[in-house]
Amino acid sequence: MGTPLRHRPLRLGARLFASSARMLRWVVPTFVVLTILADLRFPEAEPGGWWPLTINILMWFVAVTAGLKLHTNLSLHLSQGVTRSEYIKGYAIHGLLVTAAMAALATAGFIGEHALMTAIGSPEESWGGAIAAGLRYLVVTPIYFFAGAAIGALGTRYGGNPAAVLGVVILPAGAIYAGTLTIEFFELTIDADSWSLAAWAGGSAALIAVLIAAYALTLRTIPLRPKAG
């Protein structure tokens, strides 16, 4: 029995990821098609292509989905016998799977748009620059995901107190996403100097660690309510 129990967070994370993917199964293809149409119809408006704007919008969907899924499903999973520790680990696995998927999507989008812009005009990025722009979402995605998870956990923990919602949910959300946007739009290329790259990577890693700690510690303090009946 020990082995299945050890695997429960992994299975939970996989189920949460599959559920999130179903929630976004129409959103992502729609934005991809709109981006291609915008690149073809309005290439002068965004000389570097429209995909950077698109993937930024999709990051907000990642954050909102992460927060809503945690807020709406936590009580259900706890009532089904999932421990808070298992849920924290499972949700982290969910975040890793989302990160891998969105980084792959971002990279494919930057490469595809570079190919399209090469065919119809003069691309601003090199092939290496396009790949680097996509791979940085291995760092950017978990910031959005765990920011959403932290806000969802805080909303679950303090949702019954309007003053607490303002103090520990709304205001921190604004601060978190101000920092997130700063990190996301930091000028990062394969030619970036080592100091800038180190500062970007270090700041991003620190923010991710803070967000993971915030969501995990908040979930650990959520009181367990007795089952009805």
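Residues numbered from 1 in each chain as written. Predicted model: local features only at pLDDT ≥ 70, side-chain atom pairs only at ≥ 80, totals over all residues. Heavy atoms only, no water.

Things to note about the overall build of the protein chain
Turning to step 1, where the next piece is worked out: Of regular secondary structure, the protein chain possesses 8 helices and 0 strands.
Turning to step 2, where the next piece is worked out: Secondary structure elements in the protein chain, listed N-terminal to C-terminal, are α-α-α-α-α-α-α-α.
Turning to step 3, where the next piece is worked out: Per-residue burial for the protein chain yields a buried fraction of 40% across its 229 residues.
Turning to step 4, where the next piece is worked out: The long-range share in the protein chain, meaning contacts at least 24 apart out of those at least 6 apart in sequence, stands at 81%.
Turning to step 5, where the next piece is worked out: In the form shown here, the protein chain has an accessible surface area of approximately 12,000 Å², with 70% of it arising from carbon and sulfur atoms. (Helix = DSSP H or I, 4+ residues; strand = E, 2+ residues; numbered from the N terminus. Buried < 20%, exposed > 50% of the residue type's maximum accessible area, 1.4 Å probe, protein only. Contact = heavy atoms within 4.5 Å. Areas by Shrake-Rupley, 256 points an atom, 1.4 Å probe, with all protein chains shown as cover.)

Some points on the environment of G90
Turning to step 1, where the next piece is worked out: If you trace the backbone, G90 turns up in helix 4 (residues 84–120).
Turning to step 2, where the next piece is worked out: Judged by its relative accessible area of 0%, G90 is buried.
Turning to step 3, where the next piece is worked out: When the C-alpha positions of G90 and L12 are compared, they lie 5.3 Å apart, and in sequence the two are 78 residues distant.
Turning to step 4, where the next piece is worked out: Discounting residues that sit within four places of it in the chain, G90 has contacts with P9, L12, G13 and L16.

Some thoughts on the side chain of T99
Turning to step 1, where the next piece is worked out: Inspection of the secondary structure puts T99 in helix 4.
Turning to step 2, where the next piece is worked out: Of note is the side chain of T99, whose polar atom sits 2.8 Å from the backbone oxygen of G95.
Turning to step 3, where the next piece is worked out: In this structure T99 touches Y137, L138, T141 and P142, once residues within four positions along its chain are discounted. (Polar contact = N/O pair within 3.5 Å; in protein donor to acceptor, adjacent residues only side chain to side chain.)

Describing the packing of helix 4 against helix 6 (residues 137–158)
Turning to step 1, where the next piece is worked out: Look at helix 4 against helix 6: their axes get within 8 Å of each other, and the N-to-C directions meet at 135 degrees. When the interaxial angle is binned, helix 4 and helix 6 end up oblique. Regarding helix 4 and helix 6, the two cross each other, and that crossing is right-handed. Packed against helix 4, whose contacting residues are Y91, A92, H94, G95, V98, T99, M102, A103, A106 and F110, the element helix 6 presents Y137, L138, T141, P142, F145, F146 and A149 at the interface.
Turning to step 2, where the next piece is worked out: In terms of residue class, the contact of helix 4 with helix 6 is made up of 13 nonpolar, 4 polar and no charged. (Axes fitted to C-alpha atoms, helices over the stretch in contact; angles between N-to-C directions. Parallel < 35°, antiparallel > 145°, perpendicular 65-115°, else oblique. Left-handed = near helix turned anticlockwise from the far one by under 90°. Nonpolar A, V, L, I, M, F, W, Y, C, P; charged D, E, K, R; others polar.)

Considering the packing of aromatic side chains
Turning to step 1, where the next piece is worked out: Summed over the entire model, instances satisfying the criterion amount to 8 aromatic pairs.
Turning to step 2, where the next piece is worked out: Relative to Y91, the ring of Y87 lies with its centre 5.7 Å away and its plane at 25 degrees, an arrangement referred to as stacked. Taken as a pair, Y87 and Y91 lie in helix 4 at a separation of 4 residues, close to a single helical turn. Across the pair, Y91 and Y87 agree in class, each one buried. (Phe/Tyr/Trp six-rings, centres within 6.5 Å; stacked < 30°, edge-to-face > 60°.)

Regarding the pattern of salt bridges
Turning to step 1, where the next piece is worked out: Tallying each qualifying case throughout the model produces 1 salt bridge.
Turning to step 2, where the next piece is worked out: Close ionic contact of R8 with E86 constitutes a salt bridge, the shortest N to O distance being 2.7 Å. Taken together, the residues R8 in helix 1 (residues 2–23) and E86 in helix 4 connect sequence positions 78 residues apart.
Turning to step 3, where the next piece is worked out: Given a relative accessible area of 12%, E86 falls into the buried group. (Salt bridge = Lys/Arg side-chain N within 4 Å of Asp/Glu carboxyl O.)

With respect to helix 6
Turning to step 1, where the next piece is worked out: For helix 6, spanning 22 residues, the distance from its first C-alpha to its last is 31 Å, which sits close to the expected 32 Å at 1.5 Å a residue.
Turning to step 2, where the next piece is worked out: Along helix 6, 18 of the 22 residues are buried, which leaves the element largely enclosed by surrounding structure. (Expected span 1.5 Å × (residues − 1).)

Considering the nonpolar core
Turning to step 1, where the next piece is worked out: Of all hydrophobic cores here, the largest spans 43 residues; its most connected members are I55, Y91, Y215 and L219.
Turning to step 2, where the next piece is worked out: Elements with a minimum of two residues in this core: helix 1, helix 2 (27–41), helix 3 (51–79), helix 4, helix 5 (127–135), helix 6 and helix 8 (194–220).
Turning to step 3, where the next piece is worked out: With 10 residues, helix 6 is the single largest residue contributor to this core.
Turning to step 4, where the next piece is worked out: Each residue touching L219, except ones within four places of it in the same chain, is listed here: L70, L74, R84, Y87, I88 and A153. (Core = buried A, V, L, I, M, F, W, Y, C linked by side-chain atoms within 4.5 Å.)

Looking at the confidence of the model for the protein chain
Turning to step 1, where the next piece is worked out: Taken over all residues, the pLDDT of the protein chain has a mean of 82, while the share at 70 or more is 76%.
Turning to step 2, where the next piece is worked out: Taking the mean pLDDT of every element in the protein chain, the minimum, 63, falls on helix 7 (residues 162–184) and the maximum, 93, on helix 4. (pLDDT = per-residue confidence, 0-100.)

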